[in-house]
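Chains, contacts and geometry: an overview
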Amino acid sequence: MVVLSGPAAAAPPPHVLQDEDAAAAPAYPTVVLQARGNMQKFDNCVLLTRVGGFYELYFEQADEYGPLLNLKVAQKKTNAGAVSMAGFPFFQLDRFLKILVQDLNRHVAIAEEFPNDASEKVKSGGLLHDRKVARIVTPGTLIDENFMDPYANNYVMAIHLPGVELSNDAGAGAAPGSQKAHHHELDDVHPDGDESSAQIGLAWLDLSTGYFYTQPTTLSALPSVLSRVAPREIVLDEVLESHRNHEILSILTDEKHLLTYSPPGELLQLSHWEPMLEAEIPPATAGSFTDNEVKAGGLLLHYVKDRLRGLSMKLQPPVRHESMQVMNIDKNSMRSLEIKQTIRDNVFRGSLLHAVRRTVTKGGARLLNEWLSSPSTSLEVINFRQELVARFIQNPDLRDAIIVLLRRSHDCQRLVQRFALNRGDPDDLLRLASTIRASNDIVALLSSSLPSPSKTKAKAKAKAKANGEAPASTIPSEEDCLSTMINRISLKQPLKLAQRIQDAIDEEGLVHQHELEDSQAGEMIALAQSVVKTEGTEDDGLLLPKGATAKAAAVAGTSTTKRKSASIRDYYGEDNEVWIMKPGASPDLTRLHSELAHHFQEKVQLTETLRARLNAASLTLKWTPGLGHICHVKGKDARRSPEETNDAAAATTEAAAAEAMAFKTLSSSRTTRAFHHPEWTILGERLDKVRFQIRAEEQRVFAALREQVVRNLVKLRRNASVLDELDIATSFARLAVEQGLTRPTLNNTQQTVIVGGRHPTVEGGLAEQGRTFQRNDCLVGAPGHGRLWLITGPNMAGKSTFLRQNALTTILAQIGCYVPADYAELGIVDAIFSRVGSADNLYHDQSTFMVEMLETAAILRQATQRSFVIMDEIGRGTTPEDGAAVAFASLHHLVHVNKCRGLFATHFHAVADLVSEQRMRLEDGGAAGAVEMYCTDVEEDEHGGFVYVHKLRKGTNRKSHALKVARLAGLPESAIRIAQQVLESSEGVESRGSGQQALESAGIV
Ligand SMILES: Nc1ncnc2c1ncn2[C@@H]1O[C@H](COP(=O)(O)OP(=O)(O)OP(=O)(O)O)[C@@H](O)[C@H]1O
Ligand SMILES: [Mg+2]
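Being a predicted model, the structure only gives us computed values, none of them experimental.

**Focus: the overall build of the chain**
When you go through the chain residue by residue, the secondary structure sums to 40 helices and 27 strands. Here the chain, with 1005 residues, has 49% of them falling under the buried criterion. Considering only intrachain contacts with a sequence separation of at least 6, the fraction spanning at least 24 residues in the chain is 72%. Only carbon and sulfur atoms are counted for the fraction: they give 53% of the accessible area of the chain, which is about 45300 Å².

**Focus on the site of ligand 1**
Lining the immediate surroundings of ligand 1 are 16 residues, of which Q774, M796, K799, S800 and T801 lie closest. Note that an oxygen atom of ligand 1 is positioned 2.5 Å from one of the side-chain N or O atoms of T801. For ligand 1, whose free accessible area comes to 630 Å², the fraction covered by protein is 81%. Per-element tally for the shell around ligand 1: the top contributor is helix α34 (residues 799–814), with three residues.

**Section: the sheet that holds strand β19 (residues 752–757)**
Here we have four strands laid out as an open sheet, ordered β18-β22-β19-β20, and mixed in their pairing. For this open sheet the edge positions go to β18 (745–747) and β20 (776–778), each flanked by a neighbour on one side alone. Taking each pair of neighbouring strands and ignoring which way they run, the sheet shows an average axis angle of 15°. Across four bridges, β19 lies against strand β22 (residues 823–827) in antiparallel orientation. Residue pairing for β22: T752 is matched across the bridge by L826.

**Overview of unusual backbone geometry**
If you check the backbone angles, M796 has positive phi at about 70° while not being a glycine. With respect to the helices and strands, M796 occurs in the loop between β21 (788–792) and α34. A relative accessible area of 54% means that M796 is categorised as exposed. A positive phi angle is found at H961, which is not glycine, with a value near 50°. In this fold, H961 is placed in the loop between β27 (946–954) and α38 (962–968).

**Considerations on the sheet that holds strand β5 (residues 107–115)**
Reading across the sheet, the six strands line up as β3-β4-β2-β1-β5-β6 and stay open at both edges, with mixed pairing between neighbours. At either end of the open sheet lies a strand with only one pairing partner, and these are β3 (74–78) and β6 (129–137). Each strand axis lies, on average, 35° off the axis of its neighbour in the sheet, ignoring direction. Sheet topology places strand β1 (residues 45–51) next to strand β2 (residues 54–58); three bridges connect them, and they run antiparallel. The partner of T49 across the bridge, within β2, is E56. Where helix α4 (residues 93–103) meets the sheet, it contacts β1, β2, β4 (81–89), β5 and β6, and its direction lies at approximately 150° from that of β5.

Reading the values: the criteria
- Residues numbered from 1 in each chain as written.
- Chains lettered and ligands numbered in written order.
- Predicted model: local features only at pLDDT ≥ 70, side-chain atom pairs only at ≥ 80, totals over all residues.
- Heavy atoms only, no water.
- Helix = DSSP H or I, 4+ residues; strand = E, 2+ residues; numbered from the N terminus.
- Buried < 20%, exposed > 50% of the residue type's maximum accessible area, 1.4 Å probe, protein only.
- Contact = heavy atoms within 4.5 Å.
- Areas by Shrake-Rupley, 256 points an atom, 1.4 Å probe, with all protein chains shown as cover.
- Near = heavy atom within 4 Å.
- Polar contact = N/O pair within 3.5 Å; in protein donor to acceptor, adjacent residues only side chain to side chain.
- Pairing = 2+ DSSP bridges.
- Axes fitted to C-alpha atoms, helices over the stretch in contact; angles between N-to-C directions.

If you want it as structure tokens, here you go:
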């Protein structure tokens, strides 16, 4: 038995000292030496070494991580001195991996036991096992750990900087850009800055789904890409480790990205990647990769391959991000629009994603996550998505039925990838089979709600004719969208696979097996508990897995109250062994099972024969680990001596007398006795052999099924992505019905027409308080309207809300979702930019105003005619004069240079005056006449009460009513009185900024 060395801090597993320690004279025991070797080899990893039923940490790692993991650190005495060690039972691996990898961002090398063959055994000084690192788990290279976030992709990204290889010998001092490093923030947005605008290559993949992407970009655009992709870990060429001043490092550390350095490896050509891909890269795409992307991909694949230590992987062929038409949402907009988390406390609740997510599958949720960070700019794609949603709104029965089926499907992408990585178990096979069947049912459902094909074609033709055009292919008709989805699902081979799985796997057997495993884990936990109880503290008890108490109690219950055969050892010893495959799974299995049945029959007969021959009615034939195949008798049969038994049996024949000689009592107590009998020994061994063959054959069948899954990889993944899209489409339909959303019309104009728009998250918040949301129109760029709206108005009257709601509506429309408005007609936007709120970054030498200007600069440099910009209170971080000047300059630039659509909120009415002076208003006409003024207001009554009018009206509002908000916020009344006096007198003297004058006339100084 293994001694618990973790929570109990007891002695190390005894075999460490005993059977494997023989040859190590003054040195450390060999297991410890092996661990030492692995720690040196994988020096940036936390090493977990499997020893029997435990994973152990040694030496300084035990000292460092033991306390962090809440494990007791024991001092193991060895000939070479004391060794610190800490450990935990093997089944808690996931728990501790989560802490080490997910929470502490460590790389964990897991050394597993591999049985040594005879010669290795001698070499290693008699060790039964070699302990090799079988995998290195890092935050970016999770496969199927159950602590993975099921709703987000887990990307690891490699970045290739050209020229870095060459500057290898430049040394740390002469790092490129070291001179400019202090001002790197400016370089970020400087198009002429040689570093920022230089092309770099990105490649990223999700090991859990096999998604693989590449993209060329520049250093200045990198932060936005990173906020879109949100990689969990970033890999850089190890050369950069000595270039501490390189600009990229400040970008990456700025955002607290987790960095890993790795050698570039040898996979530096596309053709080298093929063994790791499920299919060839189409030749047409292969040519389009830039050299930087290929280098980044090579670095990435080399890194991942090394982490997997020889585990094969099958990724999807890389997709170039360039070839995908997506809207750019830069880093600041992502944050300030609260797309995936709120600004204030970085939580999911309150984000746009939270507000719109109604998906029922994990794959669907992950895809929605991706869509929201990169909405489409393709009219065709958006229209298609909308068509699907429309179908599911029109047909609620179909929608609900599909949702039921989707719920029945499992996370196919991750499931399939598990098999591609040579993992996966029989349960995964069953899940896969049920997902395939659910897909089949979905296809059947969709097909049944298709109009007959002839009707469809005829309708389309008629429609095209009526419009005097050729049959449209870009805008699929409603009928097309369902059949397009159906056609993307291929089921013929997968259904065969599902059938094979169903025919092969014995679900009941699996259930049995899990019960056994549970009770095994329970026994282990019970053991741990009892050790903790006697030697540990209460905290150690808390460390045991959830449900441990229940499991342990259940086990304790079975061992005392139930029949003894319920214990595992007996279970395996008895005839009721669990099989996970049905006998029909292969011809060999059929034959072996019938052989087994035959042997069981023989066993029954032999039992009867022996009972009669030996005159022992209580005789049973058994197997125990210590004694092997034994005959077992009890009661009066046991009390009789063997000789008596023999006499009784051998009363007549010589043969029986000879037989009697063979008996030898092996163990006996007052009530039972066990002895060997050659006939049972022979039969028992035959039984064992058949059992062994069945196990082997089950393994073979399982491997064959796994291979079949891998063969179907491409189809299964493709099917899964169709289900993901159906999940989103049905969820959008539900959302639209639930919240009264409208289908927007998208086009390629530069107009945004939103009538009766609402804010997707604020509206819900108000509704919870019983308040209603005032709808507002946004008509930027629409005929008769300005392309840029300048919005003024009191504090708290809804300016910021209006700005954001229109940006969010645009994003929702372009992911194919319906929008919170009465009517919407939207020209597709290539990028959303927003300058909202204030934040300083003092650590990076950026004051509040500096941050504001950096962000503004980025927008003014990047926004195109097709972009949509919202700017909220530019220039508020400095004096009103300077602020207004900067604000007006920004607005001027947006109108005259960027020529984009925009919403611009400000409290500086000087900006409005300047716009009028410069004749930039719509009324002034001409190209410059693109600005329109809108405002919000406050309505006061004669009793001094007031309400905010959230309805936008034309015009400029010069009153901020700031003191109302101040009073609402609870500013002391005396302070408010002084503020009032200042305001009144400054209005009286028409003072333009002389605070001294104002204060004087207010009688304050
Ligand atoms: N259209 C609306 N209908 C109802 N309530 C609204 C509306 N717009 C905003 N509100 C409410 O008013 C609050 C303040 O809105 P918002 O922050 O947009 O004001 P603001 O004009 O930007 O103020 P400030 O000038 O102080 O930044 C919101 O939190 C919301 O509760
Ligand atoms: Mg505001």
